Amino acid sequence: MSSPALVRSQSMSGEVLVIGGNAAGMTAAGRAKRLDPSLQITVVEPSHFISYSICGLPHYIFGEVENHEDLIVFTPERLKRERGIEALVRVKAVEILPGRRRVVCRHLDEDRELELSYDRLVLATGYLPEAPNVEGVALEGVLTLSRLEDGIRLRHAITAGGRSRVAVVGGGYVGLMMTHGLTKQGAQVTLLERNRQVYSQVDEDLARLIEKELERNGVRLFLSTRVERLTGANGRVQRVTAGEIEVPADLVLLDVGIRPNTKLGAAAGVACGTSGALQADARGQTSLAGVYAAGNCAETRNLITGRAVFSKLGTTAARQGRVVGENLAGWRSEFPGTLETSIEKVFNLSVARTGLTLRQALSAGFDADGALISHTDRAGYLSGSRPLHVKVIFDRSSRRLLGGQLIGEDAAGKRIDTMAAALTAGMRLEDLAGLDLAYAPPYGTLWDPFQIAAHAAMRGLS
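Here we summarise the structure given alongside this text.

Reading the values: rules and limits
- Residues numbered from 1 in each chain as written.
- Predicted model: local features only at pLDDT ≥ 70, side-chain atom pairs only at ≥ 80, totals over all residues.
- Heavy atoms only, no water.
- Pairing = 2+ DSSP bridges.
- Helix = DSSP H or I, 4+ residues; strand = E, 2+ residues; numbered from the N terminus.
- Axes fitted to C-alpha atoms, helices over the stretch in contact; angles between N-to-C directions.
- Salt bridge = Lys/Arg side-chain N within 4 Å of Asp/Glu carboxyl O.
- Buried < 20%, exposed > 50% of the residue type's maximum accessible area, 1.4 Å probe, protein only.
- Core = buried A, V, L, I, M, F, W, Y, C linked by side-chain atoms within 4.5 Å.
- Patch = residues over 30% accessible without salt bridge, like charges linked within 9 Å, V, L, I, M, F, W, Y side chains within 5 Å.
- Areas by Shrake-Rupley, 256 points an atom, 1.4 Å probe, with all protein chains shown as cover.

## Comments concerning the sheet that holds strand β6 (residues 102-107)
Piece 1. If you trace the three strands from one edge of the open sheet to the other, you get β5-β6-β7, paired in antiparallel fashion. In this open sheet, the two edge strands, each paired with only one partner strand, are β5 (91-97) and β7 (112-117). Looking at each pair of strands side by side, their axes are set apart by 30° on average, direction ignored.
Piece 2. Pairing geometry for β6 and β7, over six bridges, is antiparallel. Pairing of R102 across the sheet is with S117, part of β7.

As structure tokens, this is what we get:
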């Protein structure tokens, strides 16, 4: 499955206004300016920072990256000097006036308004972290992690001392990442997850391996546990209550989900789709003429089901932003969709996934099944070979591949890229099993573990 070739459709000019200064917005602005230097492009961003690596935040929080500036690709000054793009930080867009093609903004530090005009507008407003609807979430020491400022606050809280007991509420991508880092820093971490497994992006059988790894590293884990309240003294959090469970906590990190930040666009009349995000076509065009949307505020299409989805990944946001930028410059470009391919490190484990889980595939109406195998990441007779657990999801009727999951150690998770390529190409079990993949004992096994899983799946169908 491939996107159409990039072709020039028309000559564009005029003012482009981008609301949102990170992955999607900055990629759109940079790509458009590179293709058409005559464009006048302005980016507005309510944060202090633009163009930084949100995925690098944990490495800064836990001291692997010394300065937060190292995560920043462009400052406004450098962006203006090197790319000719204007970036206004600490400026929040508060109202879109589509009839006049203007956006009302507010200087957050100066408390004054200004209006910016546009010929074409890009909404890249990202996402907002969810907070549990419980008492005490406003207490000092209760944090979320969604912006660089959050990372700076969290690093300060950790290094300030007296934060040895940490409760992490939610076992998603951020929750697991922070549990790993906080434990490595010597904190006593308790992880509370309301569902029956951590990390819903993999199936329950693989989630059990993650849960064992957490407990092996000293994490107290409570599943099917819903937080009821946070309590403290003198305005600072001290305890998390979940039913009969009482968890002392000097610091609480919330990871209970995110939602697309659609308020600005929806108020201007941009339609929201079935996923809850702003509706946009493959070119990023919304229901309002001249208004595009990209990134975590905009929905896209799942490549397996064809259904509209809200993607939470920065990789998807950047790819959408690139497509929007090409269209802003007068090229005809389309974003085909996402497999939600991702990889995460949890202590010694590399956890990777792509496509649909078995649960998602069944919910989507496929005649789905899965084949899970346990193998080694290299020839078993070599010292240092380590366990590798691989799962292939497929449709029993058509034998089409629907998804893949992998848990191993170190860089083993990058093998998921083989499955992502196979899914993009629309392969069947036989196609995956027959791929001509590289082999040498220090790097793998004679049959790649995903091929072994495909063979196991085919045996189950015969």
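## Quick look at the pattern of salt bridges
Piece 1. Following the criterion strictly, the structure yields 31 salt bridges and no others.
Piece 2. A salt bridge links E113 to R106, with the nearest nitrogen and oxygen atoms 3.0 Å apart.
Piece 3. Residue E113 is classed as partly exposed on the basis of its relative accessible area, which comes to 48%.
Piece 4. Overall, the relative accessible area of 26% leaves R106 in the partly exposed class.
Piece 5. In this structure, E130 and R259 form a salt bridge, with 3.4 Å as the shortest nitrogen-oxygen distance. Placement of E130 in the loop between β9 (127-129) and β10 (142-143) and of R259 in strand β18 (residues 258-260) is noted, with a sequence separation of 129 residues between them.
Piece 6. The exposure class of R259 is partly exposed, given its relative accessible area of 36%.

## Some remarks on the nonpolar core
Piece 1. Counting 41 residues, the largest nonpolar core has I61, M178, L182, I210 and L214 as the members making the most contacts within it.
Piece 2. Only α2 (57-61), α4 (148-159), β11 (165-169), α5 (173-184), β12 (188-192), α6 (204-216), β17 (251-254) and β24 (349-355) provide two or more residues apiece to this core.
Piece 3. The biggest single contributor to this core is α5, with five residues.
Piece 4. Formed by 33 residues, the second largest nonpolar core is a distinct cluster that contains A361, M419, F450 and M458.

## Some points on the pairing of strand β27 (residues 401-409)
Piece 1. Of all the nine residues making up β27, eight are buried; the element is thus mostly covered by neighbouring parts of the structure.
Piece 2. Pairing of strand β26 (residues 387-395) with β27, which is carried by six bridges, proceeds in the antiparallel orientation. Paired with F394 across the strands is L401, a residue of β27.
Piece 3. Connecting β26 to the antiparallel partner β27 that follows it, the hairpin turn spans five residues, and R399 within it adopts a positive phi of roughly 65°.

## So, a nonpolar patch on the surface
Piece 1. Taken together, the side chains of Y381, Y439, L446 and W447 make up a nonpolar region of the molecular surface, amounting to roughly 510 Å² of accessible area.
Piece 2. On the secondary structure map, L446 appears in the loop between α11 (429-433) and α12 (449-461).
Piece 3. Take L446: its relative accessible area is 62%, and that puts it in the exposed class.

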